[in-house]
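This is what each chain is made of:
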Amino acid sequence: NAGVTQTPKFQVLKTGQSMTLQCAQDMNHNSMYWYRQDPGMGLRLIYYSASEGTTDKGEVPNGYNVSRLNKREFSLRLESAAPSQTSVYFCASSEISDPEAFFGQGTRLTVV
Amino acid sequence: AQKITQTQPGMFVQEKEAVTLDCTYDTSDQSYGLFWYKQPSSGEMIFLIYQGSYDEQNATEGRYSLNFQKARKSANLVISASQLGDSAMYFCAIYSSGGGADGLTFGKGTHLIIQP
């Protein structure tokens, strides 16, 4: 039972570089989410996807793009990384019929 | 928009004592869900307990219970007989898909430290 799998677990980028964070879930959930967590803050929603083929902005979408590749996979892309995007990123999935959101292990991203 | 307020940045509690972590929420939706998550130092998010807005009884899961007072818009987490392994960050969150973005809105968390 893998649940929600995120890759990579750690990443260091230089300012201006691009990268994609990968997320896959094996629970057949329709909804998937990307959050970021900064020190002293709770998690904040970046983007979400209510179903395959749809994506919507959350609270802090600037500087990010997402792709819902299929029902299992939801990727987050930083086109031109900035130090302000240094954070821990969490992917999550859920189903309307079950209120619990399942989280990945997180990706610790540092932009220097 | 939804909002969660956790007013206790940090708490120190003696082992075996009961702990209450405060959470107040704000939402204009009639249907919503309240969650508590635990985040140990290893960083993963662990689901603890859920309360639906229409649930009349307070939710319980083992040593965890949710003290839901709808009129006061509070959803406090109670941990009975605390253990050293309960030391972690605790986040209260609200889910509501009406009138805005899907997904959970989190509070800033409470750092709980259990002392022997």
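Before reading further, recall that the structure is shown in the block above.
Calculation criteria
Residues numbered from 1 in each chain as written. Chains lettered and ligands numbered in written order. Predicted model: local features only at pLDDT ≥ 70, side-chain atom pairs only at ≥ 80, totals over all residues. Heavy atoms only, no water. Helix = DSSP H or I, 4+ residues; strand = E, 2+ residues; numbered from the N terminus. Buried < 20%, exposed > 50% of the residue type's maximum accessible area, 1.4 Å probe, protein only. Contact = heavy atoms within 4.5 Å. Polar contact = N/O pair within 3.5 Å; in protein donor to acceptor, adjacent residues only side chain to side chain. Buried area = accessible area lost by both parts, 1.4 Å probe. Salt bridge = Lys/Arg side-chain N within 4 Å of Asp/Glu carboxyl O. Nonpolar A, V, L, I, M, F, W, Y, C, P; charged D, E, K, R; others polar. Disulfide = S-S within 2.5 Å.

Asks: Can you help me understand the environment of B:Asp86 in this one?
Replies: Residue and element names in this part refer to chain B. Among the secondary structure elements, Asp86 is positioned in the loop between strand 9 (74-79) and strand 10 (88-95). The class of Asp86 is buried, set by a relative accessible area of 2%. Sequence separation of Asp86 and Ser31 is 55 residues, and the distance between their C-alpha atoms is 30 Å. Apart from residues lying up to four places away in sequence, Asp86 is in contact with Lys38, Arg63, Tyr64, Ile79, Leu112 and Ile114. At a separation of 2.7 Å, a polar atom in the side chain of Asp86 contacts the main-chain amide nitrogen of Gln83.

Asks: When you look at the interface of chain B and chain A in this model, what are you seeing that I'm missing?
Replies: Interfaces are often sized by the amount of accessible area the parts lose when they come together. Across the contact, 18 residues belong to chain B and 18 residues belong to chain A. Contact between chain B and chain A buries roughly 1400 Å² in total, counting both sides, with carbon and sulfur atoms accounting for 62%. When residues of chain B are sorted by the area they lose upon contact with chain A, B:Met45, B:Asp102 and B:Phe106 head the list and together hold 32% of the total. Linking chain B to chain A there are zero salt bridges. One can count three residue pairs in polar contact (both at pLDDT 80 or more) joining chain B with chain A. It is strand 5 (residues 33-39) of chain B that provides the largest number of residues to the side of chain B that touches chain A, a total of three residues. Here the residues of the side of chain B that touches chain A sort into ten nonpolar, five polar and three charged.

Asks: Can you walk me through the state of the cysteines in this structure?
Replies: Covalently bonding the sulfur atom of one cysteine to the sulfur atom of another cysteine gives a disulfide. As enumerated under the stated definition, the model contains two disulfides over all chains in all. Across a sulfur-sulfur distance of 1.9 Å, A:Cys23 and A:Cys91 are joined as a disulfide pair. Disulfide A:Cys23-A:Cys91: torsion about the S-S bond near -75 degrees, hence left-handed. Separated by 68 residues along the polypeptide, A:Cys23 in strand 3 (residues 19-25) and A:Cys91 in strand 9 (residues 87-95) bring together distant segments of the chain. With respect to class, A:Cys23 is no different from A:Cys91; both count as buried. Each disulfide pairs two cysteine sulfurs, and for B:Cys23 the partner residue is B:Cys92, the sulfurs being separated by 2.0 Å. Its S-S torsion of about -60 degrees marks the bond between B:Cys23 and B:Cys92 as left-handed, since a negative value means left-handed. In this pair, B:Cys23 is assigned in the loop between strand 3 (19-21) and strand 4 (24-26) and B:Cys92 in strand 10, connecting sequence segments 69 residues apart. In this structure, B:Cys23 and B:Cys92 share a single accessibility class: buried.

Honestly, it's all geometry; don't read function into it.
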